[in-house]
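Chain residues, written in single-letter form:
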Amino acid sequence: QVQLVESGGGLVQPGGSLRLSCAASGSIFRINVMGWYRQAPGKEREFIAFITSAGSTNYADSVKGRFTISRDNAKNTVYLQMNSLKPEDTAVYYCNVPQTGSWGQGTQVTVSS
């Protein structure tokens, strides 16, 4: 199985930036796709971005141009650089490995003055 450990969440002012990290470990030969989702209170979990081992990316329209997903294949770690943050970005952010149905524990991001 794959275990995912997230970090980097916190409180940030509107217009600020945060960088989330998610490190994967466990018994898997190669992780192809890693992604990020978020969930705000009372709302469904929302797709944010994914990245393949080859570097192909895809973003939700709500974050396109503001967020950047990247990864370090040697460390099986995926990152989410979040810029120009808005209060609407407030949510718990989760990383995901769809090959194994693995999810991280989630990290809280709060955007507020």
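Residues numbered from 1 in each chain as written. Predicted model: local features only at pLDDT ≥ 70, side-chain atom pairs only at ≥ 80, totals over all residues. Heavy atoms only, no water.

## Quick word on the overall build of the protein
Turning to step 1, where the next piece is worked out: The helix and strand tally for the protein stands at zero helices and eleven strands.
Turning to step 2, where the next piece is worked out: If you list the helices and strands of the protein from N to C, you get β-β-β-β-β-β-β-β-β-β-β.
Turning to step 3, where the next piece is worked out: Taking 13 Å as the expected radius of gyration for a compact globule of 113 residues, we find that the protein reaches 13 Å, a close match to that expectation.
Turning to step 4, where the next piece is worked out: If one aligns the C-alpha atoms of the protein with their principal axes, the spans along those axes are about 45 × 25 × 20 Å.
Turning to step 5, where the next piece is worked out: When burial is assessed residue by residue, the protein has 42% of its 113 residues classed as buried.
Turning to step 6, where the next piece is worked out: In the protein, 51% of the contacts between residues at least 6 apart in sequence involve partners at least 24 apart.
Turning to step 7, where the next piece is worked out: Accessible surface for the protein amounts to roughly 5,900 Å². Of this, 48% is attributable to carbon and sulfur atoms.
Turning to step 8, where the next piece is worked out: Placing the 10 positive and 7 negative side-chain charges of the protein at their respective mean positions leaves the two points 6 Å apart. (Helix = DSSP H or I, 4+ residues; strand = E, 2+ residues; numbered from the N terminus. Rg over C-alpha atoms; globule rule 2.2 N^0.38 Å. Buried < 20%, exposed > 50% of the residue type's maximum accessible area, 1.4 Å probe, protein only. Contact = heavy atoms within 4.5 Å. Areas by Shrake-Rupley, 256 points an atom, 1.4 Å probe, with all protein chains shown as cover. Lys, Arg positive; Asp, Glu negative; His and termini not counted. Charge placed at Lys NZ, Arg CZ, Asp CG, Glu CD.)

## Description of the sheet that holds strand E1 (residues 2-7)
Turning to step 1, where the next piece is worked out: Taken together, the four strands give an open sheet; going across it, the order is E1-E3-E8-E7, and neighbouring strands pair in antiparallel fashion. In this open sheet, the two edge strands, each paired with only one partner strand, are E1 and strand E7 (67-72). The sheet shows a mean angle of 20° between the axes of neighbouring strands, direction not considered.
Turning to step 2, where the next piece is worked out: The sheet contact formed by strand E3 (residues 18-26) and strand E8 (residues 77-82) spans six bridges and is antiparallel. The residue of E8 that forms the bridge with Arg-19 is Gln-81. (Pairing = 2+ DSSP bridges. Axes fitted to C-alpha atoms, helices over the stretch in contact; angles between N-to-C directions.)

## With respect to the pairing of strand E5 (residues 46-52)
Turning to step 1, where the next piece is worked out: Taken together, the six bridges between strand E4 (residues 33-39) and E5 define a ladder with antiparallel strand orientation. Considered in E5, the bridge of Trp-36 is made with Ala-49.
Turning to step 2, where the next piece is worked out: With three bridges joining them, E5 and strand E6 (residues 57-59) adopt antiparallel strand pairing. Paired with Ile-51 across the strands is Thr-57, a residue of E6.
Turning to step 3, where the next piece is worked out: As consecutive antiparallel partners, E5 and E6 are separated by four residues, and within that stretch Gly-55 has a phi angle of approximately 100°, a positive value.

## Remarks on the pairing of E8
Turning to step 1, where the next piece is worked out: Counted residue by residue, E8 has five buried out of six residues, so it is predominantly covered.
Turning to step 2, where the next piece is worked out: Between E7 and the antiparallel strand that follows it, E8, lie four residues; Asn-76 among them carries a positive phi value of about 50°.

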